[in-house]
Amino acid sequence: LQMMPRSAFLVHSGTDFRAFAGSVITALPVSNFASQLIGGLPFVTAGSFQNDLVTDPKAADVTLAVESFVTAIKTINKVDVQKDLLDHLKGSYAVALLPRPNFRVPVLRVPFDFILVGQVDNGEKTQDSVVKLLSTLFGLQSSGQAIVGNWAFRTLGLGRDAVFQVGYERNLIMITTTNAAGDVLDAERGDNRLVNMDRWTQFQ
């Protein structure tokens, strides 16, 4: 949490990074059915339009979708989601969203930046797996390694547009959209750190 910037409008943290990442990866293949799976929330997705072609997924459909997704990732980019990624996630994590209403994230087209920082047993191997996974999912190109302080970053983008930055420092991994990594590094140094703000400390 000490790496979350003060501009965050949503923050979540937990102690089981592996379980959290597993849940996210499981949700990806069925994201088009978000409105059905999470009833009552105002999501408009492909699954929102009821017709004979798109029906609500059953348990077996979700299981098949996840298994097919994991198999496809392994076939395309030789990444075993379980062994190469999930098994390296050890310990706590924190997630935050930062508003950017006037400049949506390229490719993703969302009005916020995403930040994820978590503990791993091998930062370099985890970074490599995350880069391959994101490259496959979004059709992005990866840059070479860039060193910023104690962190080693790789940028994934399309043309000149940076979409993700994935960095590691020993036993930590950081995944952000666009240039939000700079805000995280500022918070790590103590600048504009959310947990130092009065609005945060009053709840501690």
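Here the structure is a predicted model, which is why all the values come from computation and not from measurement. (Residues numbered from 1 in each chain as written. Predicted model: local features only at pLDDT ≥ 70, side-chain atom pairs only at ≥ 80, totals over all residues. Heavy atoms only, no water.)

### Digging into the overall build of the chain
Logical step 1: When you go through the chain residue by residue, the secondary structure sums to seven helices and eight strands.
Logical step 2: Here the chain holds 204 residues, and 38% of them are scored as buried.
Logical step 3: Relative to all contacts within the chain whose residues are 6 or more apart in sequence, the contacts with residues 24 or more apart total 59%.
Logical step 4: With an accessible surface of roughly 11,500 Å², the chain has 55% of that area assigned to carbon and sulfur atoms. (Helix = DSSP H or I, 4+ residues; strand = E, 2+ residues; numbered from the N terminus. Buried < 20%, exposed > 50% of the residue type's maximum accessible area, 1.4 Å probe, protein only. Contact = heavy atoms within 4.5 Å. Areas by Shrake-Rupley, 256 points an atom, 1.4 Å probe, with all protein chains shown as cover.)

### Examining unusual backbone geometry
Logical step 1: Even without glycine at this site, Arg-109 takes up a positive phi of about 60 degrees.
Logical step 2: If you trace the backbone, Arg-109 turns up in the loop between strand S2 (89-99) and strand S3 (112-120).
Logical step 3: A residue is classified by how much of its surface remains accessible, and Arg-109, at 52% relative accessible area, is exposed.
Logical step 4: Although it is not a glycine, Thr-178 sits at a positive phi angle of roughly 40 degrees.
Logical step 5: By secondary structure assignment, the location of Thr-178 is in the loop between strand S8 (172-177) and helix H6 (180-189).

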